[in-house]
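# Architecture at a glance
The primary structure of each chain is shown beneath.
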Amino acid sequence: FEFSHIMSLRSASLLYNSAKALRAYQPVAVTCKRYLADAPNTSFARGIFLGELREEELFPYPDVLSDEQKETINMMMEAGHSFFQETNDAAANDSNEKIPEDQLDQMRALGMYGLMVPEEYGGVALTNTMYAKFGELTGEYDLGLGIHTGAHQSIGYKGILLYGTEEQKEQYLPSLASGDVFACFCLTEPSSGSDASSIKTRAVLNEAGTHYVMNGSKIWISNGGIAEIFTVFAQTPAIDAKTGETKRQNNCVHRGASFRWCQPRPT
């Protein structure tokens, strides 16, 4: 046989084996499709796999904001456009590696540091949809400023906002929402990025049981040089209830004037 004949035979063999494999899986595929077809389809994505375009799942587009909320976000967007066009200078911020204090004051006046904080703590109380819309504004004009405000509230003090005790919220949120103090989110380490399970930083309760002693290092922390509230990821000792062994579990520490410990809530 010539080489071309050998390759032709090989190709035919592969094609035959592939056809056999497809026939073997065909009953499974038919069963899955029959199951999906019989089940009520309220998913646009699942409809794509069934060859169906479920337009009613997309249109009309969900209208999740009330008239009052629309009025609020439209006013904020208008004020935001004016701020970014007339006051903020993104190129100068990058060149000087800081935002001028007079611009920070205007951002405080606009409520940009407490967009999703409830009004009782001095925030603007935006919904996720409203916050995302305002985020588009900062992304349009100044990504650096967007990182500053995002690191502050999207992740910096988000743990306090969602899971903090009432005492912690009353203590921290008013000054954070007003922008009097800034927050940051400390996860990345020299040997680990966004993989929280691989962090090396440790937090150990002292013998008196009054505070935790933390050892470790963090890098590339947005707002790290100006923040006063730090959400720090660290591993703490935990006793396995079944074996009695000491293991490590990831927890979060908030640092203000002193360390404040946030115990994880049961899930």
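Up top you'll find the structure we're talking about.
The structure reproduced in this document is the subject of the present report. (Residues numbered from 1 in each chain as written. Predicted model: local features only at pLDDT ≥ 70, side-chain atom pairs only at ≥ 80, totals over all residues. Heavy atoms only, no water.)

## Here we look at a negative patch on the surface
How we decide: Every patch collects residues that have over 30% relative accessible area and no salt bridge, joining them within 9 Å if they carry like charges and within 5 Å if they are nonpolar side chains (Val, Leu, Ile, Met, Phe, Trp, Tyr). Using a 1.4 Å probe, the Shrake-Rupley method yields the accessible areas, and only the shown protein chains count as cover for residues. A carboxyl oxygen of Asp or Glu within 4 Å of a side-chain nitrogen of Lys or Arg is what we treat as a salt bridge. Neither His nor the chain ends is counted toward charge; the positive residues are Lys and Arg and the negative residues Asp and Glu. Lysine's charge is taken at NZ, arginine's at CZ, aspartate's at CG and glutamate's at CD. Each helix corresponds to a stretch of at least 4 residues labelled H or I by DSSP, and each strand to a stretch of at least 2 residues labelled E; elements are numbered beginning at the N terminus. Each residue is assigned to one of three classes by its accessible area relative to the maximum for its type, calculated with a 1.4 Å probe on protein chains only: buried under 20%, partly exposed between the two thresholds, exposed over 50%.
There is a patch of like negative charges on the surface, built from Asp-67, Glu-68, Glu-71, Glu-119, Glu-120, Glu-166, Glu-167 and Glu-170. Mapped by element, the contributors of at least two residues to the negative patch are helix H3 (67–86) and helix H9 (166–178). Looking at the element boundaries, Glu-166 is found in helix H9. Accessibility expressed as a relative area gives 44% for Glu-166, which makes it partly exposed.

## A closer look at the packing of aromatic side chains
As a reminder, the rule being used: For Phe, Tyr and Trp, where Trp contributes only its six-membered ring, two rings pair if their centres lie within 6.5 Å, and the inter-plane angle classes them as stacked under 30 degrees, edge-to-face over 60, or tilted in between.
Considering all chains together, one arrives at 4 aromatic pairs under this definition. Taken together, a centroid distance of 5.2 Å and an interplanar angle of 0° make the contact between Phe-84 and Tyr-141 stacked. Remark: Tyr-141 occurs in helix H6 (residues 128–141) and Phe-84 occurs in helix H3; sequence separation between them is 57 residues. Owing to a relative accessible area of 24%, Tyr-141 belongs among the partly exposed residues under this scheme. Pairing Phe-185 with Phe-233 gives two aromatic rings, centres 5.1 Å apart and planes at 70°, and the pair type is edge-to-face. On the criterion of sequence distance, the pair formed by Phe-185 in strand E1 (residues 183–186) and Phe-233 in strand E4 (residues 229–239) is long-range, its members being 48 residues apart. Using a relative accessible area of 24% as the deciding quantity, one classes Phe-185 as partly exposed. Through successive ring pairs, a cluster of aromatic residues spans Phe-83, Phe-84 and Tyr-141.

## Overview of the state of the cysteines
To be explicit about the condition: Two cysteine sulfur atoms make up a disulfide if the distance between them is within 2.5 Å.
All told, the structure shown has 0 disulfides when counted by the stated rule. Between Cys-184, a free cysteine, and Cys-186, which holds the nearest cysteine sulfur, the sulfur-to-sulfur gap is 3.7 Å. Judged by relative accessible area, Cys-184 falls into the buried class, the value being 0%. Residue classification places Cys-186 among the buried residues on the basis of a relative accessible area of 5%.

## Describing the environment of Thr-42
As for its placement among the helices and strands, Thr-42 is situated in the loop between helix H1 (3–38) and helix H2 (44–49). The sequence separation of Thr-42 and Glu-57 amounts to 15 residues, and the corresponding C-alpha distance is 7.1 Å.

## Looking at the layout of surface pockets
To be explicit about the condition: Only protein atoms enter the 1 Å grid, on which a cavity is a set of points fitting a 1.4 Å probe that cannot get out and a pocket is an open set with protein on both sides within 12 Å along at least 5 of 7 lines, lining residues being those with an atom within 4 Å of a point. Grid points are joined across faces, edges and corners, and a volume is the space filled by probe spheres set on the points. Gly counts as polar in this scheme, as do all residues outside two lists: the nonpolar Ala, Val, Leu, Ile, Met, Phe, Trp, Tyr, Cys and Pro, and the charged Asp, Glu, Lys and Arg.
What the largest pocket holds in volume is close to 440 Å³. Along the wall of the largest pocket there are 18 residues; nearest its centre are Glu-97, Lys-98, Ile-99, His-148 and Ile-226. When contributions to the lining of the largest pocket are tallied by element, the ones reaching two or more residues are helix H4 (90–96), helix H5 (101–109) and helix H7 (143–156). When residues in the lining of the largest pocket are grouped by element, the largest group, 4 residues, is from H7. Here the residues of the lining of the largest pocket are counted per class, giving 7 nonpolar, 6 polar and 5 charged.

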